[in-house]
Amino acid sequence: MRGMIIDTQIYRFKVGTFECMAVSDGTLTYAPPTFPPPATFLFANAPRERLERALSEHRIQPEQWLAWVSPYVCVVVNTGEHLVLVDTGANGLAPSTGKLLPNLKAAGIAPEDIDTVILTHGHPDHIGGNTDAEGKLAFSKARHVMWKDEWDFWTSGQAEVKLDEHVKDVLLGFARKNLPPIRDRLDLVDQEREIVPGIRAVAAPGHTPGHMALVISSEGEQLLCVSDTVLHPIHLEQPEWCAAVDSAPGQVVSTRRRLFKRAVTEKALVAAFHFPFPGLGHIVQKGEGWRWQPIQTTI
Ligand SMILES: [Zn+2]
């Protein structure tokens, strides 16, 4: 898979004949007191000794890992027929996020050029760029696509009941600002199907109730967008270790195993929203588990 980094914010690559880009929305630093320490936040149910061993294999000292600086990486796909954006970033969450629009502009894409916006789930970092500071639609010409269970969770009162108190205000604030404006141009998916020719919705629940993955195929090549099925490469090696923000840990584990197997069988390129930029790589089998092999980029 050949690609080119224009700067550290835009990475161009091809999937068959589809012209794709990984586009950064910036980064967010997850650290106390707003968030638990990174090891607790990302691997909430990991046994301590095994966790320390896994971290040291990744050259991370648990006591010194005070902050997780997470990239936010959106994906743009030009199928020739459609210009599709996967997730809209976190406009307004922090000064270090909300860089999607300026980066798209630098890549020669105006918001009204996008005809399809696919939202993998309803967390602030994935829907936060649906609207501008005044609440106006950012991608005003686009059809917006979301899994039906996910839309229902955020808009029918379930989120109010089920979310943890300490994250509730921020998550609901972003949902209330960014979801109602897309209501009139919304296409809800309730089964695995094609969204546009070559881009297929895949059920991937667990991180949130209606979390969605995507299979993007052209000319025998595949890109699997796993979004937040994994947040850190260690989740491939230890698929049963879940993040504090995963809404249904048991479901996360089965979704991971299904998607990892698929990625290996199909030799798919994989896009992971929170992995180091450009968030692209391959999932390779390692014993009973898997590991992450980032693509080689030339800077
Ligand atoms: Zn996320």
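Structure's up top.
Calculation notes
Residues numbered from 1 in each chain as written. Predicted model: local features only at pLDDT ≥ 70, side-chain atom pairs only at ≥ 80, totals over all residues. Heavy atoms only, no water. Helix = DSSP H or I, 4+ residues; strand = E, 2+ residues; numbered from the N terminus. Rg over C-alpha atoms; globule rule 2.2 N^0.38 Å. Buried < 20%, exposed > 50% of the residue type's maximum accessible area, 1.4 Å probe, protein only. Contact = heavy atoms within 4.5 Å. Areas by Shrake-Rupley, 256 points an atom, 1.4 Å probe, with all protein chains shown as cover. Lys, Arg positive; Asp, Glu negative; His and termini not counted. Charge placed at Lys NZ, Arg CZ, Asp CG, Glu CD. Donors = N, O, S within 2.8 Å, 3.2 Å for Na, K, Ca; no water. Tetrahedral: all angles 85-135°; square planar, octahedral: opposite > 155°, others 65-115°. Pairing = 2+ DSSP bridges. Core = buried A, V, L, I, M, F, W, Y, C linked by side-chain atoms within 4.5 Å. Salt bridge = Lys/Arg side-chain N within 4 Å of Asp/Glu carboxyl O. Arc of directions from axis to C-beta. Disulfide = S-S within 2.5 Å. Axes fitted to C-alpha atoms, helices over the stretch in contact; angles between N-to-C directions. Phe/Tyr/Trp six-rings, centres within 6.5 Å; stacked < 30°, edge-to-face > 60°.

With that settled, the discussion passes to the overall build of the protein. The helix and strand tally for the protein stands at 9 helices and 15 strands. Computed over C-alpha atoms, the radius of gyration of the protein comes to 18 Å, within 12% of the 19 Å expected from 2.2 N^0.38 for 299 residues, which places it in the range of a compact globule. For the protein, the spread of C-alpha atoms along the principal axes amounts to about 50 × 45 × 35 Å. Per-residue burial over the protein gives 53% buried out of 299 residues. Taking contacts inside the protein between residues at least 6 apart in sequence as the whole, the part at least 24 apart equals 68%. Put simply, the protein shows about 13200 Å² of open surface, and 50% of that area lies on carbon and sulfur atoms. The positive charge centre, built from 29 side chains, and the negative charge centre, built from 35, are 2 Å apart in the protein.

Once that is clear, we can look at the coordination of the zinc ion. With distances of 2.0 to 2.1 Å, the protein atoms coordinating the zinc ion are Asp125 (OD), His126 (NE2), Asp228 (OD) and His274 (NE2). Relative to the metal, the 4 donor atoms surrounding the zinc ion lie at angles of 89 to 165°, and the coordination shape comes out irregular. All donor residues of the zinc ion come from one chain, and their arrangement in sequence is D-H-x101-D-x45-H. Residue Asp125 is found in helix α4 (residues 124-127), and its partner His274 is found in the loop between β13 (269-271) and β14 (280-286); the two are separated by 149 residues along the sequence.

Our next topic: the pairing of strand β2 (residues 10-15). Side-chain positions along a regular strand alternate between the two faces of the sheet. With 6 bridges connecting them, β2 and strand β3 (residues 18-30) associate as antiparallel partners. Bridge pairing links Arg12 to Met21 in β3. The turn linking β2 back onto β3 is made up of 2 residues, and Gly16 within it adopts a positive phi angle of 60°.

Below, the discussion takes up the side chain of Gln238. The residue Gln238 is located in the loop between α8 (234-237) and α9 (249-266) in this model. Every residue in contact with Gln238, bar those within four places of it in the chain, is listed here: Arg50 and Arg256.

Moving on to the nonpolar core. Phe43 and Phe139 are the most contacted members of the largest nonpolar core, which totals 50 residues. Listed by contribution, the elements that provide at least two residues to this core are β3, α1 (38-42), α2 (48-57), β4 (68-78), β5 (83-86), α3 (100-106), α5 (148-155) and α7 (165-178). Grouped together as the second largest cluster of nonpolar side chains are 29 residues, Val75, Val77, Ile118 and Trp147 included.

Side chains that carry opposite charge are capable of pairing whenever their charged atoms lie near each other. In this structure the tally under the stated criterion is 8 salt bridges. Between Asp152 and Lys148 there is a salt bridge whose closest N-O contact spans 2.8 Å. One end of the pair, Asp152, and the other, Lys148, are both in helix α5, 4 residues apart, so they sit about a helical turn from each other. Residue classification places Lys148 among the partly exposed positions, given a relative accessible area of 35%. Residues participating in the shared-partner salt-bridge network are Arg143, Asp187 and Arg193.

Once that is clear, we can look at α5. Residues Glu150, Trp151, Phe153 and Trp154 constitute the buried set of α5. The buried residues of α5 occupy an angular sector of 160° when the element is viewed end-on, so they sit on one face. Considering only its buried residues, α5 is in contact with β7 (143-147), α6 (158-162), α7 and β8 (186-189). With its phi angle positive at about 95°, Gly157 sits one or two positions after the end of α5.

Looking now at the state of the cysteines. Per the stated rule, a full pass over the model turns up 0 disulfides. Of the cysteine sulfurs around Cys225, a residue in no disulfide, the closest is that of Cys20, at 8.4 Å.

The next point concerns the sheet that holds strand β9 (residues 194-196). Strand order across the open sheet formed by 7 strands is β9-β10-β11-β12-β13-β14-β15, with mixed pairing between neighbours. The sheet terminates laterally at β9 and β15 (289-294), the two strands that pair on one side only. Pairs of neighbouring strands in the sheet enclose a mean axial angle of 35°, with direction left out of account. Note: β14 against β15, 6 bridges, orientation antiparallel. Paired with Gly281 across the two strands is Pro294, which belongs to β15. Each of β10 (199-203), β11 (212-218), β12 (221-225), β13, β14 and β15 is contacted by α9, which is oriented at about 100° to β14, the strand it contacts most.

Among the 13 residues that make up β3, 10 are buried, leaving the element largely enclosed by the rest of the structure. Of the strand pairs in this sheet, β3 and β4 are connected by 11 bridges, and their pairing is antiparallel. Within β4, the residue paired with Glu19 across the bridge is Asn78.

In this section: the packing of aromatic side chains. The tally for this structure, following the rule as stated, stands at 11 aromatic pairs. When the ring of Tyr30 is compared with that of Phe35, the centres are 4.5 Å apart and the planes differ by 55°; the resulting orientation is tilted. An aromatic cluster is built from Tyr30, Phe35, Phe41 and Trp68, whose rings are joined through pairwise contacts.

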